Structure formats: C-alpha cells, structure tokens
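Listed below, chain by chain, are the residues.
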Amino acid sequence: MKYILLDDRNRVAEIIPEENTLLPGVPIERRYPEEFLRSLIAVDDAVDVQSTWEYDFETKEFSPSKQPETPAGGYDKVLDFTRSAKIAEISAAAEVARVDVKTPYGEEHFA
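*Asks:* Let's hear about the pattern of salt bridges: which residues, and what values?
*Replies:* Counted according to the given criterion, the structure contains two salt bridges. In this structure, Asp7 and Arg11 form a salt bridge, with 3.7 Å as the shortest nitrogen-oxygen distance. The burial state of Asp7 is the same as that of Arg11; both residues are buried. As a salt-bridge pair, Glu34 and Arg38 come within 2.9 Å of each other at their nearest N and O atoms. Of the two residues, Glu34 and Arg38 both sit in helix 2 (residues 34-38), four residues apart, roughly one turn of that helix. For Arg38, a relative accessible area of 58% translates into the label exposed.

*Asks:* Give me the environment of Ile41: which residues, what numbers.
*Replies:* For Ile41, the location among the structural elements is in strand 3 (residues 41-43). Along the primary structure Ile41 and Tyr3 are separated by 38 residues, whereas in three dimensions their C-alpha atoms are 5.4 Å apart. If we skip the residues at most four places from it in the chain, Ile41 touches Lys2, Tyr3, Ile4, Leu6, Tyr55 and Phe57.

*Asks:* How would you explain the sheet that holds strand 1 (residues 2-6) if you had to name every residue and give the values?
*Replies:* Hydrogen bonds between backbone groups are what pair the strands of a sheet, and the pairing can be parallel or antiparallel. Ordered by their spatial adjacency, three strands build an open sheet running 2-1-3, and the pairing between neighbours is antiparallel. Sheet topology places strand 2 (12-17) and strand 3 at the edges, where each strand pairs with a single neighbour. When the angles between neighbouring strand axes are averaged without regard to direction, this sheet yields 30 degrees. Bridge analysis of strand 1 against strand 2 gives five bridges, and the strand direction is antiparallel. Following the sheet pairing, Leu5 is matched in strand 2 by Glu14.

*Asks:* Pulling in residues and values, what's your account of the nonpolar core?
*Replies:* Among the nonpolar cores identified, the biggest contains nine residues, and these are Ile4, Leu6, Val12, Ile41, Val43, Val49, Trp53, Tyr55 and Phe62. Secondary structure elements with two or more residues in this core: strand 1 and strand 3. Counting residues in each nonpolar core, the second largest holds seven residues, with Tyr3, Ile16, Phe36 and Leu40 among its members.

*Asks:* Give a description of the packing of aromatic side chains that names residues and reports values.
*Replies:* Scanning the entire structure with this criterion turns up three aromatic pairs. Centroid distance Tyr55 to Phe57: 4.8 Å. Interplanar angle 85 degrees. Geometry classified as edge-to-face. Residue class for Tyr55 comes out buried when judged on its relative accessible area of 10%. Phe57 gets classed as partly exposed once you look at its relative accessible area, which sits at 48%. For the pair Tyr55 and Phe62, a centre-to-centre distance of 4.7 Å together with 45 degrees between the ring planes defines the contact as tilted. What makes Phe62 buried here is its relative accessible area of 11%.

Rules of the game
- Residues numbered from 1 in each chain as written.
- Predicted model: local features only at pLDDT ≥ 70, side-chain atom pairs only at ≥ 80, totals over all residues.
- Heavy atoms only, no water.
- Salt bridge = Lys/Arg side-chain N within 4 Å of Asp/Glu carboxyl O.
- Buried < 20%, exposed > 50% of the residue type's maximum accessible area, 1.4 Å probe, protein only.
- Helix = DSSP H or I, 4+ residues; strand = E, 2+ residues; numbered from the N terminus.
- Contact = heavy atoms within 4.5 Å.
- Pairing = 2+ DSSP bridges.
- Axes fitted to C-alpha atoms, helices over the stretch in contact; angles between N-to-C directions.
- Core = buried A, V, L, I, M, F, W, Y, C linked by side-chain atoms within 4.5 Å.
- Phe/Tyr/Trp six-rings, centres within 6.5 Å; stacked < 30°, edge-to-face > 60°.

Next comes the structure, spelled out in structure tokens:
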C-alpha cells in the first residue's frame, strides 16, 4: 500500500510508502497526524502513479498531467500539510529512538 497526497488541482504532490525504512515497524498512523492521513488516497503498490500525475475522482485513476507544471495558486495546501506531516514523522522517529533531532525547523528533544 502507498498513500497519495494531491495538490489543489488534483495532481500528485507526494507519494508516501506504507513502510518508512527509517522507522521500520512504525505504522503510518503513528508517523503522521490523523488530519493529514484523511487527506491521502490509499492505493495498492501495483498502481502506476508518478509525481504531478492527475487523479480522476470519477474513474479513480491516475494519468499524466495535461496541466501546466505550476498551479496559479501555488502549493500552499500541500506545503502546509507536508511540513506538518514531516514534523510528525520526525517526532515519531524521535519518540521511538528517544533522542534529540535536528529538523529543518530547529532542534527538538523528544523523550
């Protein structure tokens, strides 16, 4: 299983694997906040999907995008979710390891 984050134009912004090699055995539910997980589309690993492909909610299929590369409104939603999700994933890693973690947003101590 893998999880797909779409941008505001229904294009693939990020593909998240079920297992994270840095956190073996830690389920995705512990790595990401619930709100973020609800925004993802779960698909089988066999589904062919690539970054920037479009998702059709009617057919539930992915296809190469026909839209321009950068949306007019930018990727604010994706960046906000991605930043929060990455912080949560780093926090989960630190919680498992119980260590100080240097993140792109500063150094955090988790015990």
